[in-house]
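Breakdown of the fold
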Amino acid sequence: MKLNYDRKSKDPTYFIQMGIRNGKKTTTKNVKRIGKHSELLVITPDPLAYAKKQVEEFNKEYQEGKIDMSFKVDYTEKLSATKDISSRSALLNVGYFVLQNIYHDLKLSDFFKDIKSNSKITFDCNTINRFLTFARILDPKSKLGTFDRLDSYYEMPSFEYQHILRFMDLLEEHYDNYLEHLYTNSESIIKKNTSVCYFDCTNYYFESEDEDDEYVDEATGEILKGLRRYGPSKEHRPNPIVQMGLFVDGNGIPISMCINSGSDNEQKCAVPLEQKITKMFNNKQFIYCADAGLGSFNIRKFNSMGGRAFIVTQSVKKLSDKLQKAVFNDYDYRRISDDSPITISRMKEFDRFNKENLPLYNDTVYKIIDADNAIDVGLYEEKIYKNGKSRMVKSKALLKQKIIITFSRKMMEYQRHIRNAQIERAKNILNNKNVEDVKKGPHDVTRFIKRTSKGQDGEKASDYYEIDHSIIDREEKYDGYYAVATNLEDDAKSILAVNSKRYKIEDCFRVLKTNFNARPVYHRNRNRIIAHFMVCYTALLIYRLLENKLDQYGTHFTTDNILDTLRNMNVMNTQDAFYTATYTGSQVCTALNGIFNLGLDKKFYLPKELNKKIKKIFN
């Protein structure tokens, strides 16, 4: 700050003038009026010396962060005219400073620096990747939508839209190295729990009705399928889809991913991806955990070697007759809580409304069945014939494993409650609708409706519909039962505890689809489709690392709590002199500032103060 006055005037007015650097803009502004020369003569014989002393005191207060400013406000001043079609918000987000901390620790700037040194590109790959990632978390839109909103971030990054597209091509070219770099450097932020690795698949739909054709690989001459293909959509949409396979560790932190054609069998992507992470782990032993759809014979066989192990859910209905007989043999069942013996009939018959039976109602019982012969489990494997064709055949290989059967009274009642509601809907269909007009499916309520055709000789038969109680009885037989297959020798309680945490990977998919709007996908170029999901994966990794850091400090918050806080952490430029926080204090805000020591819990910020925070993170 310096003293400003008209040196030619006989009765000048003294002001304190501040030099302001706001981004690339530099200006000066009179922030405080000291007084006119004639006015100051009343209190001091030397007004100029007095004014200089006021400037010194103001500078001291400025260093302490407490200053008294005065501004002239013109209520008739008009907004500046622009060429924008619609008005834009003048708020600037600073919540991404928190994400920038983690992004910096991933050392992605070094990764892109190496790429840039070996190429002729002129744009800043790291800046593009940073703000594509931050935008996916804070303001998920299409790439063009993100480009249009770059001025909503405090740094106001500047790059062209074509640079985003070129960057995505470049990112896909370094797919494996990029994912390996993220895994290696995330280890220094949060210690990974890779003793158990959870795997699952999902798919994402496109805003298109045309699937990709097959194409010839220019390097190998191999005929490959396009990514956007029709397949069984998780959301039952009639659009082409692409498939994502994801591995997460025991804390739900992403380890690696794969992107495949939407028409591929999801079981075929597990082993190739697992081979990659085994290499990243330097052949460290771990437990593969997945649901029944990703627990085929080949997957179990692969995880029976190299010191690995598996825990996969198993459909009780698909067990062989021999094993089902063992399941329903009401013998050798034990309670999980204390390992005391109990029968299934006892679990089904006790009075659940008796308070003394509450521990039993909340308990689960189990039985362990040896199933070393894979045939007994009803598994299938792919057999390739000499002519190159293949088909799924019943496995005849031995696989050491056991099946843990569990039964829960609470689960039994829940499943029957759901079924009873479906039966009521089926009865309503019989009474009010034409059964043939109702859409049918394996889990549709019309499965409970039986058709009987009756008619005399020479006459057209008539159809009669009624509730099929045999199907109800057949389904009720399995109510409350659950099965897990494993080759571990650990106790049942420990194995079931590991399996119960599969929800962590489901939650990752929920965050990607719901909070990060990873779908629908608007790209059609193969490289950019894959790059889109690499950005989404980076966003998920950064968010999960942030969430785990909060958990480590004993401050757990929901996804919505965290994202709402980061998205609302905006500041407003006030007269180019300082920034005013437009967000309120919260528990999440306090926790984030406590962990990362960013000091983003104040009402006002000087431009140079926010600039220093950014520089501090980068350094």
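Note that this is a predicted model, so its numbers are computed, not measured. (Residues numbered from 1 in each chain as written. Predicted model: local features only at pLDDT ≥ 70, side-chain atom pairs only at ≥ 80, totals over all residues. Heavy atoms only, no water.)

Moving on: the environment of Arg33. Mapped onto the elements, Arg33 comes out in strand β3 (residues 25-36). Remark: the alpha-carbon pair of Arg33 and Val484, spanning 451 residues in sequence, is separated by 77 Å. With sequence-adjacent residues up to four places away left out, Arg33 is seen in contact with Thr13, Tyr14, Phe15, Glu39 and Ser70. A polar atom in the side chain of Arg33 sits 3.5 Å from the side chain of Glu39. (Helix = DSSP H or I, 4+ residues; strand = E, 2+ residues; numbered from the N terminus. Contact = heavy atoms within 4.5 Å. Polar contact = N/O pair within 3.5 Å; in protein donor to acceptor, adjacent residues only side chain to side chain.)

Moving on to helix α18 (residues 526-552). Helix length check: α18, at 27 residues, gives a terminal C-alpha distance of 39 Å against a target of 39 Å (1.5 Å per residue), a fit within 8%. For α18, the buried fraction is high: 22 of the 27 residues fall into the buried class. Where α18 begins, the capping side chain belongs to Asn525, and its oxygen is found 2.9 Å from the backbone nitrogen of Asn527. Of the residues one or two after α18, Gly554 is the one with positive phi, at around 70 degrees. (Expected span 1.5 Å × (residues − 1). Buried < 20%, exposed > 50% of the residue type's maximum accessible area, 1.4 Å probe, protein only.)

This next bit is on the pattern of salt bridges. Scanning the model with the defined rule gives 30 salt bridges in all. A salt bridge links Glu39 to Arg33; the nearest nitrogen and oxygen atoms lie 3.5 Å apart. Classification of Arg33 as partly exposed rests on a relative accessible area of 42%. Arg419 is the partner of Glu475 in a salt bridge, and the nearest nitrogen-oxygen pair spans 3.0 Å. Of the two residues, Glu475 sits in helix α15 (residues 469-476) while Arg419 sits in helix α14 (residues 409-432), which places them 56 residues apart along the sequence. The exposure classification of Glu475 matches that of Arg419, with both residues buried. Several salt bridges converge on common partners, so that one network encompasses Arg416, Arg419, Arg447, Glu475 and Asp479. (Salt bridge = Lys/Arg side-chain N within 4 Å of Asp/Glu carboxyl O.)

Relative orientation of the contacting elements helix α4 (residues 108-117) and helix α5 (residues 125-138) amounts to 140 degrees, with a least axis distance of 8 Å. As the angle between them shows, α4 and α5 are arranged oblique. When you trace α4 past α5, the crossing you get is right-handed. Contact with α4, carried on its side by Leu108, Ser109 and Phe112, involves Cys125, Asn126 and Asn129 of α5 and no other residues of that element. Looking at the contact of α4 with α5 residue by residue, the classes come out as three nonpolar, three polar and no charged. (Axes fitted to C-alpha atoms, helices over the stretch in contact; angles between N-to-C directions. Parallel < 35°, antiparallel > 145°, perpendicular 65-115°, else oblique. Left-handed = near helix turned anticlockwise from the far one by under 90°. Nonpolar A, V, L, I, M, F, W, Y, C, P; charged D, E, K, R; others polar.)

Pairing within the open sheet is mixed, and its nine strands lie in the order β9-β8-β5-β10-β11-β19-β16-β13-β12. In the strand order of this sheet, the two ends are held by β9 (254-261) and β12 (334-335), each with one partner. Here strand β11 (residues 309-314) pairs with strand β19 (residues 481-486) via four bridges, running antiparallel. From the neighbouring strand, Val312 faces β19, where its bridge partner is Ala485. Against the sheet, helix α9 (residues 270-280) touches β5 (196-205), β8 (241-248), β9 and β10 (287-290), its axis set at about 150 degrees to β9. (Pairing = 2+ DSSP bridges.)

Pairing in this open sheet of four strands is antiparallel, and the strands run β4-β20-β21-β22 from one edge to the other. Edge positions in the sheet fall to β4 (92-93) and β22 (604-605), since each of these pairs with one other strand and no more. When β4 meets strand β20 (residues 570-574), the two strands line up antiparallel, connected through two bridges. Within β20, the position partnered with Leu92 by the bridge is Val571.

This part is about the nonpolar core. Membership of the largest hydrophobic core comes to 154 residues, with the highest contact counts inside it found for Phe97, Phe112, Met257 and Tyr288. When residues in this core are grouped by element, the largest group, 16 residues, is from α18. In contact with Tyr288, other than residues within four places in its own chain, are Cys197, Phe199, Phe247, Ala270, Glu274, Leu294, Ile299, Asn303, Ala309, Phe310, Ile311 and Val312. Listed in part, the 16 residues of the second largest apolar core include Leu3, Tyr14, Leu40 and Phe58. (Core = buried A, V, L, I, M, F, W, Y, C linked by side-chain atoms within 4.5 Å.)

Disulfide: a covalent bond formed between the sulfur atoms of two cysteine residues. Applying the stated criterion across every chain yields a total of zero disulfides. Cys197 forms no disulfide, and the closest cysteine sulfur to it belongs to Cys289, at a distance of 10 Å. (Disulfide = S-S within 2.5 Å.)

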